[in-house]
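Each chain, written out:
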Amino acid sequence: MTAVQEPTAEREIGRERRRKEDQRLITGRTRWTDNLNLPGMLHLAMVRSPFAHAKIVSIDTTAAKNATNVVDVLTGADLGEAQGACINAWAITEDQVTPPHLPMPSDRVAFAGEVVAVVVARTAAEARDAAEMVDVEYEQLPAALDLKEAATDAVLAHPDLGTNKSAFWKFDSAEAGTGGDVDAAIATARDGGIVIEREYRQQRLIPAFMEPRSVVVDPTGEQITVWSATQIPHILRFAIAATTGVPESKIRVIAPDVGGGFGGKLQQTPEEMIAFAVARRIGKPVKFTETRSESLMTAHHGRDQWQKMTLAADKDGKVTGLKVELLADLGAYVAIIGGGVPVLGAFMFNSIYKFPAYQFNCQTVLTNKTWTDAYRGAGRPEATYGIERMMDELAAELGEDPIEVRRRNWIDASEFPFTTVAGLEYDSGDYEKATQRAMEMLGYDELRAEQKRRRDAGDRVQLGIGVSTFTEMCGLAPSRVLGQLNYGAGGWEHASVRMLATGKVEVITGASAHGQGHETAFSQIVADRLGVPFEDVEVLHGDTQISHKGLDTYGSRSLVVGGEALVKAVDKVIEKAKPLAAHLLEANAEDLEYVGGRFGVRGTDQGVTIQELAGAAFAAHNYPEDMEPSLDAEATYDPVNFNYPHGTHLCAVEVDTETGQVSIRKYACCDDIGNIINPLIVAGQVHGGLVQGIAQALWEEAVYDDSGTLVSGSFTDYLLPTTADTLSFEVDHTTSPSLTNTLGTKGVGEAGTIASTPAVVNAVVDAVRHLGINDIQMPCTPQRVWKAIQGAGSGGATPGAAMPHFSEDQPGQDSTEGAGA
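Note that the structure is a prediction, hence the values are computed from the model and not measured.

**Regarding the packing of helix H8 (residues 233-244) against helix H9 (residues 270-282)**
Next, step 1: Between H8 and H9, the shortest axis-to-axis distance is 11 Å and the interhelical angle comes to 60°. In terms of axis orientation, H8 runs oblique to H9. In the crossing of H8 with H9, the sense of the turn from one axis to the other is right-handed. On the side of H8, the interface is formed by Leu236, Ile240, Thr243 and Thr244, while H9 contributes Glu272, Met273, Phe276 and Arg280.

Set out below in structure tokens:
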């Protein structure tokens with residue numbers, strides 16, 4: 001291989017560049033899906049069920065069809081098989097119970113907001129008005145709403161299935177050969193050690209992306225073109241083709257500028273499928289854009305779990321075992337990832353700690369609520385919350401500082417690479433270094449001293465300090481491991497590099513951006529490695545006609561998988577150019593070195609740039625006989641392991657013990673995400689993630705009433721934080737380069753969300769623990785904090801009904817042995 005230039009002070013990688021894409025995004029000179037207007041385009045409005053569970057007795061569309069400028073009104077019966085189906089790509093067990101998910105059912109609705117008819121009209125306003133005229137008669141059915149009750153099958157979400165239990169998934173370190181028997185470890189700890197049992201609630205959340213979902217379908221060309229505000233254009237094309245019978249080659253999916261996703265647009269939606277079917281039926285372009293209320297009600301939700309945690313330790317606080325029993329609410333259907341979300345968390349409950357024994361049990365449950373799926377972090381925030389809350393409980397039991405207890409149990413930097421009790425191999429890290437830096441930034445020792453003074457004085461406003469030391473598995477690869485977990489796709493990514501005749505560079509990536517800054521970061525990688533100006537690199541993405549191959553964007557995979565594919569493609573370009581350079585310079589290829597975008601002959605000043613070679617290849621007047629006249633190259637990269645960023649997040653809060661009001665006083669974090677491509681983009685990702693994680697701790701919750709109606713269906717009731725609610729974060733980084741990729745990078749998009757939630761809740765509990773409180777259910781609203789204080793002495797917030805007993809005889813039971821990388 002040709003030697004590629006070594007790092008210099010002028011390198012693009014590591015430069016704090018402003019994002020290329022921001023100029024058009026912030027000035028409105030961009031193309032959101034809803035901005036698209038095609039000749040003859042019609043508009044759709046969805047008629048949705050007001051009931052969580054009901055039979056559809058009849059649908060009368062007469063009045064709506066006679067309304068002004070209405071072209072048609074269609075039901076599920078009208079569209080039939082043409083509407084396709086919404087797929088589940090991850091059946092976590094062989095016998096997973098999976099209800100059929102038609103985009104528009106004709107017999108029964110399973111959640112409030114499910115589509116029962118679609119109106120087609122000349123304008124969006126006329127379509128919405130006519131939708132109000134569709135008369136649907138329902139026969140209301142009992143609804144399964146409470147997760148714990150649903151797990152008992154007292155009321156069935158889908159009566160024809162005979163159960164609400166979708167799948168039971170188990171990991172046991174003793175069975176997998178990665179550790180000991182957890183029940184034996186707990187039994188030993190009960191006799192002379194420490195056993196802590198807690199039950200935690202992961203409330204239901206709504207991704208609440210900035211741009212509502214929107215789709216435009218044009219059936220008038222040789223291909224059917226779909227524009228969608230989606231994270232997954234390639235996967236969406238496959239899903240449409242697989243369920244409608246339309247050849248994949250006849251479908252083009254374009255994700256134009258997409259206004260945020262957070263996992264909420266990692267979905268094949270009913271509305272996309274309905275729009276596709278209607279466009280084909282009518283033969284004209286159609287558009288559907290949801291309202292904000294529709295988005296909050298029917299775009300998939302996240303989290304919604306009960307966690308029963310049992311931690312065993314010896315009398316000195318050295319952990320000996322961890323058992324997790326999880327109930328996960330799938331909602332009405334098993335979504336595209338669906339039950340796989342808690343499975344991702346299964347490998348992270350042990351986190352950075354050296355547990356000798358571990359068991360994870362998960363029962364996924366169907367209810368009559370909006371379906372759940374990936375939300376920023378997808379399983380990893382839930383796992384991190386559980387274990388970080390438990391480590392604080394262990395510290396409290398010992399009467400020790402929570403950081404000291406963590407130090408006693410975490411993996412030392414000298415022990416990497418380290419194979420965990422869950423079977424994963426962590427390649428690099430330094431938890432002590434990141435923690436020490438975070439403590440310095442927060443002023444940890446000084447705040448502890450202040451906390452003691454306030455507590456001794458009996459101050460009305462108490463100070464709490466929260467700790468969260470985390471790691472995560474990201475990149476959602478390698479493909480072989482995903483196959484072992486029964487995931488329906490691979491984890492590779494594809495990239496192409498085209499050298500244009502003018503010396504400019506076109507980069508095509510299968511990753512699809514929705515706010516991450518791909519165009520900037522990928523330009524920096526290519527410019528740095530190829531040795532061309534940053535401004536000469538153009539990144540193309542999000543269009544299956546241009547980027548013919550890809551697996552899209554989610555799970556912090558764009559840089560560590562997509563970026564690595566780019567590196568491989570660039571290296572191929574350089575290798576392809578080498579014989580041409582040798583030919584033009586009349587030198588032996590072995591005598592050439594490649595530095596700063598230029599092939600030079602060692603010991604001479606002769607040389608030729610890669611951009612000059614691009615022009616020479618295009619002209620093709622003088623090139624070696626055994627060479628094709630092109631420098632273009634492509635590569636597909638499939639990682640050998642997951643990617644493991646880590647960090648320490650510390651939060652100081654003040655709690656008013658008379659009102660329950662929580663105020664964040666200071667937040668400091670030090671993340672280790674390997675080598676950094678663009679510090680400015682990283683800071684933005686961390687800040688955004690922090691706000692979302694803090695919001696789960698303090699503000700956000702999707703709430704249903706007893707009839708299954710979402711009562712937090714607007715931003716009046718679903719409390720999103722604003723800049724007035726947050727503060728300036730102190731953010732820093734340590735660097736332990738990844739050993740499994742060329743760039744040494746690790747994922748960052750989800751780190752802030754994963755770590756911040758337990759840091760904040762640990763701080764709130766720490767502020768009032770001396771009152772006899774060991775838990776407050778999220779979100780820690782003033783009312784909940786006040787109630788916990790009033791009930792002090794009983795342990796704080798009560799979890800409600802007991803967790804159902806787990807049995808391996810339940811439907812969908814499975815266990816995993818050695819599925820880690």
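That shown, we press on.
**Details of the domain arrangement of the protein chain**
Next, step 1: Domain boundaries in the protein chain define domain 1 (39-380) and domain 2 (492-637).
Next, step 2: Computed over C-alpha atoms, the centres of domain 1 and domain 2 are 39 Å apart.
Next, step 3: Taken together, the contact pairs 19 residues of domain 1 with 18 residues of domain 2.
Next, step 4: Where domain 1 abuts domain 2, roughly 1400 Å² becomes buried across the two surfaces, and 46% of that area is made up of carbon and sulfur atoms.
Next, step 5: It is Gln231, His234 and Arg252 that lose the most area in domain 1 upon contact with domain 2, and together they represent 41% of the buried surface on that side.
Next, step 6: For the pair domain 1 and domain 2, the interface holds one salt bridge.
Next, step 7: Here Asp543 makes a salt bridge to Arg252, at a shortest N to O gap of 2.6 Å.
Next, step 8: For the pair domain 1 and domain 2, the number of links is nine residue pairs in polar contact (both at pLDDT 80 or more).

**Describing the sheet that holds strand E3 (residues 70-75)**
Next, step 1: Pairing is mixed across the open sheet formed by seven strands, whose spatial order is E3-E5-E1-E12-E9-E10-E11. At either end of the open sheet lies a strand with only one pairing partner, and these are E3 and strand E11 (251-254). Between one strand axis and the next, the sheet turns by 20° as a mean value, whatever way the strands run.
Next, step 2: Where strand E1 (residues 42-48) and strand E5 (residues 115-121) come together, six bridges link them in antiparallel fashion. What sits directly across from Val47, in E5, is Ala117.

Conventions adopted
- Residues numbered from 1 in each chain as written.
- Predicted model: local features only at pLDDT ≥ 70, side-chain atom pairs only at ≥ 80, totals over all residues.
- Heavy atoms only, no water.
- Axes fitted to C-alpha atoms, helices over the stretch in contact; angles between N-to-C directions.
- Helix = DSSP H or I, 4+ residues; strand = E, 2+ residues; numbered from the N terminus.
- Parallel < 35°, antiparallel > 145°, perpendicular 65-115°, else oblique.
- Left-handed = near helix turned anticlockwise from the far one by under 90°.
- Contact = heavy atoms within 4.5 Å.
- Domains from an automatic or database assignment.
- Buried area = accessible area lost by both parts, 1.4 Å probe.
- Salt bridge = Lys/Arg side-chain N within 4 Å of Asp/Glu carboxyl O.
- Polar contact = N/O pair within 3.5 Å; in protein donor to acceptor, adjacent residues only side chain to side chain.
- Pairing = 2+ DSSP bridges.

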